[in-house]
2 protein chains.
Amino acid sequence: MQRRFDRKSFDRDAFETVLRRRFFLAPAFEIYGGVAGLFDYGPPGCAMKNHLIQLWRDHFVVEEGMLEIDGPTLTPDPVLRASGHVDRFQDYMVRDLDTGACYRADHLLRETLENRIAAMDRKRTDVQEDRLRSAMETCLQRIDEMNQEQIAAAYQQFDIRAPESDAPLSAPYPFNLMFQTQIGPTGTIPAYLRPETAQGIFVNFRRLLDYNNGRMPFACAQIGLSFRNEISPRAGILRVREFAQAEIEHFVHPDRKDHPKFNLIADLELILLPRKEQHAARSREQMTTVLLRAAEAVRQGIVDNETLAYFIARTQQYAQMIGILPNHMRFRQHLESEMAHYARDCWDLEVETSYGWVECVGLADRACYDLQAHSAASKVDLVAYEKFDEPRDETFLQITPLKRVIGTKFRGETPQVLEAIEKLGETERAQLQQQLTDQDQVQLGPYVITREMVTIERVNRKIHGRSYCPSVIEPSFGIGRLLYCVLEHAFYNRTGGDELRTVLALKPAIAPVKSVVLPLSKNEVFEPVIQAVLHALAKCRLTVRLDESNVSIGRRYARADEIGVPFCVTIDFDSLVDHSVTLRERDSMEQVRGSVGDVVRVLVELVTGERSWTELVSTDPSLKPFTGQQSTSAVEDGTVCEKPTQSA
Amino acid sequence: MQRRFDRKSFDRDAFETVLRRRFFLAPAFEIYGGVAGLFDYGPPGCAMKNHLIQLWRDHFVVEEGMLEIDGPTLTPDPVLRASGHVDRFQDYMVRDLDTGACYRADHLLRETLENRIAAMDRKRTDVQEDRLRSAMETCLQRIDEMNQEQIAAAYQQFDIRAPESDAPLSAPYPFNLMFQTQIGPTGTIPAYLRPETAQGIFVNFRRLLDYNNGRMPFACAQIGLSFRNEISPRAGILRVREFAQAEIEHFVHPDRKDHPKFNLIADLELILLPRKEQHAARSREQMTTVLLRAAEAVRQGIVDNETLAYFIARTQQYAQMIGILPNHMRFRQHLESEMAHYARDCWDLEVETSYGWVECVGLADRACYDLQAHSAASKVDLVAYEKFDEPRDETFLQITPLKRVIGTKFRGETPQVLEAIEKLGETERAQLQQQLTDQDQVQLGPYVITREMVTIERVNRKIHGRSYCPSVIEPSFGIGRLLYCVLEHAFYNRTGGDELRTVLALKPAIAPVKSVVLPLSKNEVFEPVIQAVLHALAKCRLTVRLDESNVSIGRRYARADEIGVPFCVTIDFDSLVDHSVTLRERDSMEQVRGSVGDVVRVLVELVTGERSWTELVSTDPSLKPFTGQQSTSAVEDGTVCEKPTQSA
């Protein structure tokens, strides 16, 4: 049975209240009034984030045998100039000409038009208004692809004004999203906080290839902070100014993008939203995905190549592993107009949330763009070498300088002349031959070269290999966005008691606290069993908490459910007699009973995912069903579980 | 047998060559010329860093049940103004008045004086020079404690000039070490990159106390990046501009700094360098440490309190666990002149390296300074509440306003008058009583209060508890420095062959690669056994590498030794017959032989530290000593191991 997520009925207020109250997340520097777009992860949020990163590292770096590096976030100007970020990493902004308030131009345009259309929906309109409405709808569909001029034209056409003051707005102008600073005391090294971790991998390409003993293809990952100075951050932690990224750069021969492990995922059904289906649909929200085996997606040319499809498949596995609901995720292909000119193919993992579909992972075939850009700017060749299976014959124009003639003419400058001839490329050699044929002499820098100074002949040679610039396939993960989507998908209300109780159906592997230990009441007699349980769990390195506060078991279960604790261990008076305890599963609220040793053993198996709860209940001979303590709680009695799950 | 480290004979050139060549570490953005103080961790360095952090989290956060949070590095100005960093987080700088080059004033002073003294040592000197020399030596001893005026005076006294140009220098002036930037498009939110992670914990104190259900004491950790815009970074990765920090803020009642788990470490011998021993010594390098049981250090008042001593002990355990050599570390107590006025007691973990003694961890009792500073600046009370064991009697002056009289006089302003009286503190109430006795009336803001408006009496009441500002005990770890020290302590040369071979004696738990699998030669027949070994190791989530390059086994062992691989698994022709392989230990170069299953099983035990190599060789019945392949390598034959170890 699959859990479902309903965006329309999602109670975001209740959800956000839980996140703040239980300190998953809170606005940073709140006692000083806070700063938009900066958040603190409190203990449960921080633990979940660490789990997401650890699972990511296991799933991608360790299992795929990738390299991993860790470089600085401070990045000097030339690096980000070469990558294009200094010139092009920008959003368009409009400024309220009265108050000076700034707005992101596309967001304000979208909101204003949506509001106006909504207002029209509520009253009858005439023909002229119908025409305006249709113009606005067309504009809305195109916003994401508009350039500066087009946005400016739309602002004029629809007479967009400042939302707070109704004042006129400046024309849209670009605002660079990088945080700028200066390195060193003299202020002569302008630098930025990196907008992505990827560049730190590209600039290390040579060292990485060396480390990999020159073997291609290979992948390198980096997990770390990136920064974007958003114009007006909103949407909680979906749009923030500082965030953890996990990026992979998979370097591959541009003509051979097959993947050695493709067969392992060839039959996996990918949840795809290809270009064609997007063109056919009326709006982004009403698009239907197609389920396609990875091998079929590549065969039909829908996904450009095996390596890209391999990473889409592995990303889909990861997303499900951490608790994204498959029915509420999709890989959306970029439209041609969305892609950079050099990109071959791009897909975004989008997850459905109460804010709509949210991009959490970008997967792009960026061809040779990045390495070529850094090669050109740094004057350092970022290339790999391929040895041909068979040596190839190649003819080329050989120009041999006659040193005696040149020496007589140029004397002390002879070495420079020889070097200038030596350095000529294939095209230049052909030009030189042509000019010497036509005019008997040719200007080479400051030197005049004549026919008698060189011999020119076309010769054959064996070529054993060549250098080439690798292509890059880049999966790029936003850890905070994934974390947020996991939390929304996990959140549900449990009805049946006298008050609303919320639950987080987090997978055991990412739950911040794996188990809460609860004595039936605050009583010293329980102490030895409590210590025995805590000691046994600590030895297994499980994060557990003890809750011996003086409230009912039911209320304490609810408190644990609220932060997604998957299993509670309860100690009652029978525990004193036979050293048995109960184990309660969060979503089914089923309980089993067994000895401390057996319960701790299965708890480890449940948390590591070796066994599921259903399997355990039906098969483990050392545990027996238990219904004893439920009467202490109204909610636990005859409860209706609104959204049953099989997450454990 | 304990490994030893010899600073004098340490071959730093060879060491640094290995670190770069094997990409433990390299200057960042090197293809663009690099930026001083910024480094990349390559794959082995990055893996080691992740291991150090994971062990730290297990040892401190999980084992101690600490909270952990994760907040932004971007920090708005008011937070760092309150903490004192905007005004006081600075070094003094001098500028070459000709070239504009900047130098850190204390470093340049120290270098210049040391060079001049060294020059004197090489020639005979007269009495006047002896006097100068003695003045320079006195100055050298005081440099770390000097303020701006004293440094300026020393520059004058010794006529210090720019080292490159010999030009005159500016007077020393302060340079703030924080990187500055702006948040948001309007540039109205000045911000800094945090200089430490601690402030992010202090500003969250209320949420953290809530999360802990109001219980004191508790500790919160944060692991993350911090930034310092060093004036002229040197000394490799010991002085960098961006670094990973792991900090703990342990909040505790100011009068009760005992620690519940103190008895667990009470008998541990701490390696201490108390103030007294420092005063007695002639120079920092010639100080002798004392070994003192933790309980004894507290009893004698050498370490201020149990909690501070507890963290010193836990830090010592951690340092040894990661491979810092105990004979080359010490906890140095700050002299009174080094400590901030509010600090109670401070100790630094210093580690001996080729650069001298390096501070890697700071442990400080900061009293209530930080919480009080943020309370005052944010106007938000950062306090805990203590309930008294017994309610206490307290007498206080009660002022009861007579509403009828006040109402008649002040009419519509009556509520404000009542509130003004209500808000009076204890001291103000006593003053009011005194003034009413002396003068019959008193000015209270804009209101004149007369005797007949209030009754004043001294009354008793029961006090059940009170709010207080907790003290903070702060252990602060520099992860990069620890990593560097571990690498220096692990590095040694192995002699005996025809070429120099270097080894990193890294503990298995932090070694970047746990095992290398080596077939005797490149031959397809080995493939099935190779795959069996790799598959078995992958199932245990061990990071392993396959080295089937076409060089001798000895050379491949040397390559593995160089990056600290603790164990090699070798496959030879006998493996094809009986499925047995050999396991070689890095430092002893001993080998044992057993089945693939047994070798993988013991490898896991060795890496997790469940068993040591010595124990294994002497006791495991499934493995037998092996001496077969050593003849393939000159170095492995009759080798002398320069620094034998028992690190495994």
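- As recorded in an unreviewed UniProt entry, chain A goes by the name glycine--tRNA ligase, listed as coming from Cyanidioschyzon merolae.
- As its UniProt record puts it under Subcellular location (unreviewed entry), chain A is described as follows: "Cytoplasm".
- As recorded by UniProt, the Sequence similarities (unreviewed entry) comment attached to chain A reads in full: "Belongs to the class-II aminoacyl-tRNA synthetase family."

Side note on the overall build of chain A
- When helices and strands are counted, chain A shows 22 helices and 29 strands.
- In terms of overall dimensions, chain A has a C-alpha envelope of 110 × 70 × 55 Å along the principal axes.
- Buried positions account for 55% of the 648 residues belonging to chain A.
- Pairs at least 24 apart in sequence give 70% of the contacts found in chain A among residues at least 6 apart.
- When the 78 positive and 93 negative side-chain charges of chain A are each reduced to one mean point, those points stand 2 Å apart.

Quick look at the side chain of A:Arg332
All names here are of chain A.
- Residue placement: Arg332 occurs in strand β14 (residues 329–333).
- Taking relative accessible area as the criterion, Arg332 reaches 2% and is therefore assigned buried.
- Side chain to side chain, Arg332 and Gln278 meet in a polar contact 2.8 Å long.
- Within the local environment of Arg332, its side chain forms a polar contact with the side chain of Glu350, the two groups lying 2.8 Å apart.

Considering the relation of the copies chain A and chain B
- You can overlay chain A on chain B at an RMSD of 0.3 Å; the transform is a turn of 180° with a shift of 0.1 Å along its axis. Given the turn and translation reported, the copies of this chain are related as if by a two-fold rotation axis. Proximity to the rotation axis, assessed at the C-alpha, singles out A:Thr181 in chain A; its C-alpha lies 2.8 Å from the axis.
- The residues that chain A uses at the interface reappear at the interface of chain B in 100% of cases, marking a shared surface.

Here we look at the pattern of salt bridges
- Inspection of the entire model under this criterion finds 88 salt bridges over all chains.
- B:Arg207 is the salt-bridge partner of A:Glu30, the closest N and O atoms lying 2.4 Å from each other. With one member in each of two chains, A:Glu30 in the loop between β1 (25–27) and β2 (39–41) and B:Arg207 in helix α9 (residues 205–211) form a pair that bridges those chains.
- Between B:Lys49 and A:Asp70 there is a salt bridge, with the nearest N and O atoms lying 2.3 Å from each other. Of this pair, B:Lys49 sits in helix α2 (residues 43–64) while A:Asp70 is found in the loop between β3 (67–69) and β4 (74–76), placing the two residues in two different chains. The exposure classification of B:Lys49 matches that of A:Asp70, with both residues buried.
- One salt-bridge network, in which partners are shared between bridges, spans A:Asp91, A:Arg104, A:Asp106, A:Glu230 and A:Arg239.

Considerations on the domain arrangement of chain A
- Domain annotation of chain A identifies domain 1 (12–85 + 178–369 + 472–479), domain 2 (91–175), domain 3 (390–464) and domain 4 (495–632).
- For domain 2 of chain A and domain 4 of chain A, the distance between their C-alpha centres works out to 54 Å.

A word on the interface of chain A and chain B
- Between chain A and chain B, the residue contacts involve 71 residues of the former and 71 residues of the latter.
- Both faces combined, the contact of chain A with chain B buries some 6,300 Å², and carbon together with sulfur accounts for 62% of it.
- Summed over the shared surface of chain A and chain B, the result is six salt bridges.
- Residues A:Arg541 and B:Asp58 are paired through a salt bridge, measuring 3.8 Å at the closest nitrogen-oxygen approach.
- Counting across the chain A and chain B interface gives 26 residue pairs in polar contact (both at pLDDT 80 or more).
- For the side of chain A that touches chain B, the element with the most residues is helix α2 (residues 43–64) of chain A, which contributes nine residues.
- Split by residue class, the side of chain A that touches chain B holds 38 nonpolar, 17 polar and 16 charged.

Details of the sheet that holds strand β6 (residues 102–104) of chain A
Residues and elements named next belong to chain A.
- Taken together, three strands build an open sheet; the order of strands is β6-β5-β7 and the sheet is antiparallel. Each having just a single partner strand, β6 and β7 (173–176) make up the two edges of the open sheet. Going from strand to strand, the sheet's axes swing by 50° on average, the running direction of each strand aside.
- For strand β5 (residues 90–95) and β6, the ladder comprises three bridges, and the chain directions are antiparallel. Paired with Val94 across the strands is Tyr103, a residue of β6.
- The sheet strands contacting helix α5 (residues 105–121) are β5 and β6, and the helix crosses β6 at an angle near 80°.

Overview of the environment of B:Leu270
- With respect to the helices and strands, B:Leu270 occurs in strand β12 (residues 269–273).
- With residues near it in sequence (within four places) discarded, B:Leu270 still touches B:Val290, B:Leu291, B:Leu292, B:Ala294, B:Ala309, B:Ile312, B:Ala313 and B:Gln316.

Focus: the sheet that holds strand β26 (residues 567–571) of chain B
Residue and element names in this part refer to chain B.
- Overall, mixed pairing links the six strands, which are arranged β25-β24-β26-β27-β28-β29 in an open sheet. With one partner strand each, in any of the chains shown, β25 (544–546) and β29 (624–626) form the two edges of the open sheet. Here the strands of the sheet are splayed against their neighbours by 30° on average, with no regard to which way each runs.
- Pairing geometry for strand β28 (residues 591–595) and β29, over three bridges, is antiparallel. Bridging across to β29, Val592 finds its partner in Pro625.

Section: empty space enclosed by the protein
- Tallying each qualifying case throughout the model produces four cavities of 30 Å³ or more.
- A:Phe29, B:Pro72, B:Thr75, B:Gln199 and B:Gly200 are, among the 13 residues lining the largest cavity, the residues nearest its centre.
- A class-by-class count of the residues in the lining of the largest cavity yields five nonpolar, five polar and three charged.
- Empty space within the second largest cavity amounts to approximately 70 Å³.
- For the second largest cavity, the full set of lining residues is A:Gly71, A:Pro72, A:Thr75, A:Val79, A:Leu80, A:Arg194, A:Pro195, A:Glu196, A:Gln199, A:Gly200, A:Gln222 and B:Phe29.
- Elements with a contribution of two residues or more to the lining of the second largest cavity: α3 (77–82) and α8 (198–202) of chain A.

Brief notes about the pairing of strand β8 (residues 180–183) of chain B
Residues and elements named next belong to chain B.
- Residues Thr181 and Ile183 line the buried face of β8, whereas the alternating positions Gln180 and Gln182 sit on a face that is not buried.
- Bridge count for β8 against strand β9 (residues 189–193) is four bridges, and the pairing is antiparallel. Bridge pairing links Gln182 to Pro190 in β9.
- Between β8 and β9, which pair antiparallel one after the other, the connecting turn spans five residues, and Gly184 there sits at a positive phi close to 90°.

Structural notes on the nonpolar core
- Core analysis: the biggest nonpolar cluster contains 84 residues, and A:Trp56, A:Leu272, A:Tyr318, A:Ile324, A:Leu482, A:Leu487 and A:Leu506 have the highest contact counts within it.
- Ranked by the residues each element gives to this core, the list is headed by helix α12 (residues 306–322) of chain A, at nine residues.
- Summarising the domain contributions, this core has at least three residues from each of domain 1 (12–85 + 178–369 + 472–479) and domain 4 (495–632) of chain A.
- Ranked by size, the runner-up nonpolar core spans 83 residues in total, among them B:Cys46, B:Phe60, B:Ala221 and B:Val351.

Points about a nonpolar patch on the surface
Residues and elements named next belong to chain A.
- Side chains of Val525, Phe573, Leu576 and Val577 sit close together on the surface and give an oily, nonpolar patch of about 370 Å² of accessible area.
- With respect to the helices, strands and loops of the structure, Val525 is situated in the loop between β24 (515–519) and α18 (527–539).
- The class of Val525 is partly exposed, set by a relative accessible area of 40%.

Concerning the environment of B:Leu97
All names here are of chain B.
- One can find Leu97 in the loop between β5 (90–95) and β6 (102–104).
- Leu97 sits in the partly exposed class, given a relative accessible area of 47%.
- Sequence separation between Leu97 and Ala297 is 200 residues; the distance between their C-alpha atoms is 51 Å.
- Not counting the four nearest positions on each side in its chain, Leu97 is found in contact with Pro168, Leu169 and Ser170.

Notes on the packing of aromatic side chains
- Tallied over the entire structure, the rule returns 42 aromatic pairs over all chains.
- Here the aromatic rings of B:Phe10 and B:Phe15 are separated by 5.1 Å at their centres, their planes lie at 65°, and the arrangement is edge-to-face.
- Ring geometry for B:Phe15 and B:Phe491: centres 5.1 Å apart, planes at 70°, overall edge-to-face. Here B:Phe15, found in helix α1 (residues 12–21), pairs with B:Phe491, found in strand β22 (residues 491–494); they are 476 residues apart in sequence, far enough to count as distant.
- Put simply, the rings of A:Phe5, A:Phe10, A:Phe15, A:Tyr355, A:Tyr484 and A:Phe491 pair up and form one aromatic cluster.
- Geometry around B:Phe23 places A:Arg207 over its ring, the cationic atom sitting 5.6 Å from the centre.

Regarding the packing of α5(A) against helix α6 (residues 127–142) of chain A
Residues and elements named next belong to chain A.
- The geometry of α5 relative to α6 is characterised by a closest axis approach of 10 Å and an angle of 145° between their N-to-C directions. For the pair α5 and α6, the crossing hand works out as left-handed. Across the interface between the two elements, Leu109, Arg110, Leu113, Glu114, Arg116, Ile117, Met120 and Asp121 from α5 touch Glu129, Leu132, Arg133, Met136, Glu137, Cys139 and Leu140 from α6.

The rules behind these values
- Here the residue index of a chain counts from 1 through its sequence in written order.
- Labels follow written order: the first chain is A, the first ligand is 1, and so on.
- For this predicted model, a pLDDT threshold of at least 70 governs which residues receive local features, and a threshold of 80 or more governs which side-chain atom pairs are given and counted, while totals over whole chains, interfaces and linings are taken from all residues.
- The basis for every side-chain value is the complete set of non-hydrogen atoms in the structure, without hydrogens or water.
- UniProt positions are given in the numbering used here, feature names are shortened, and annotations may be inferred rather than shown by experiment.
- Secondary structure elements are defined from DSSP: runs of H or I of at least 4 residues count as helices, runs of E of at least 2 residues count as strands, and each element is numbered from the N terminus.
- Exposure categories follow from relative accessible area, calculated using a 1.4 Å probe and restricted to protein chains: below 20% of the type maximum is buried, above 50% is exposed, and the middle band is partly exposed.
- Contacts were defined at the residue level, with two residues in contact if any of their heavy atoms lie within 4.5 Å.
- Under this rule, positive means Lys or Arg and negative means Asp or Glu; His and the chain ends count for nothing.
- A charged residue contributes its charge at one atom only: NZ of Lys, CZ of Arg, CG of Asp or CD of Glu.
- Throughout this description, a polar contact denotes any pair of N or O atoms lying within 3.5 Å of each other; where both atoms belong to protein, one of them has to be capable of donating a hydrogen while the other can accept it, and for residues adjacent in sequence the pair is counted only when both atoms sit in side chains.
- Overlaid copies result from least-squares superposition on C-alpha atoms, with residues included only where pLDDT is at least 70 in both.
- Should a side-chain nitrogen of Lys or Arg be within 4 Å of a carboxyl oxygen of Asp or Glu, the pair is scored as a salt bridge.
- Note that the domain bounds were set by an automatic or database domain assignment.
- When two components associate, each loses some accessible surface as probed by a 1.4 Å sphere; the sum of these losses over both components is called the buried area.
- Polar here means any residue other than Ala, Val, Leu, Ile, Met, Phe, Trp, Tyr, Cys and Pro, which are nonpolar, and Asp, Glu, Lys and Arg, which are charged; Gly is therefore polar.
- Strands were regarded as paired on the criterion that DSSP finds at least two bridges between them.
- Axes, fitted as lines to C-alpha atoms, cover a helix only where it is in contact. Angles between the N-to-C directions of the axes lie from 0 to 180 degrees.
- Here a cavity is any set of points on a 1 Å grid over the protein atoms alone where a 1.4 Å probe fits but cannot get out, and a pocket is any open set with protein on both sides within 12 Å along at least 5 of 7 lines; a residue lines the site when it has an atom within 4 Å of a point.
- Grid points are joined across faces, edges and corners, and a volume is the space filled by probe spheres set on the points.
- Residues enter a nonpolar core if they are buried and are Ala, Val, Leu, Ile, Met, Phe, Trp, Tyr or Cys, with the set joined through side-chain atoms within 4.5 Å.
- Two joining distances apply to patches: 9 Å for like charges and 5 Å for nonpolar side chains (Val, Leu, Ile, Met, Phe, Trp, Tyr), and every residue must have over 30% relative accessible area and no salt bridge.
- Using the Shrake-Rupley algorithm and a 1.4 Å probe, accessible areas are obtained, with residue cover drawn only from the displayed protein chains.
- When the centres of two rings from Phe, Tyr and Trp lie within 6.5 Å, Trp using its six-membered ring, the rings pair. Their planes under 30 degrees apart give stacked, over 60 give edge-to-face, and anything left gives tilted.
- Only when the NZ of Lys or the CZ of Arg is both within 6 Å of the ring centre and within 35 degrees of the ring normal is a charge said to sit over the ring.
- In this scheme the handedness of a crossing depends on how the near helix is turned from the far one: anticlockwise by less than a right angle means left-handed, clockwise means right-handed.

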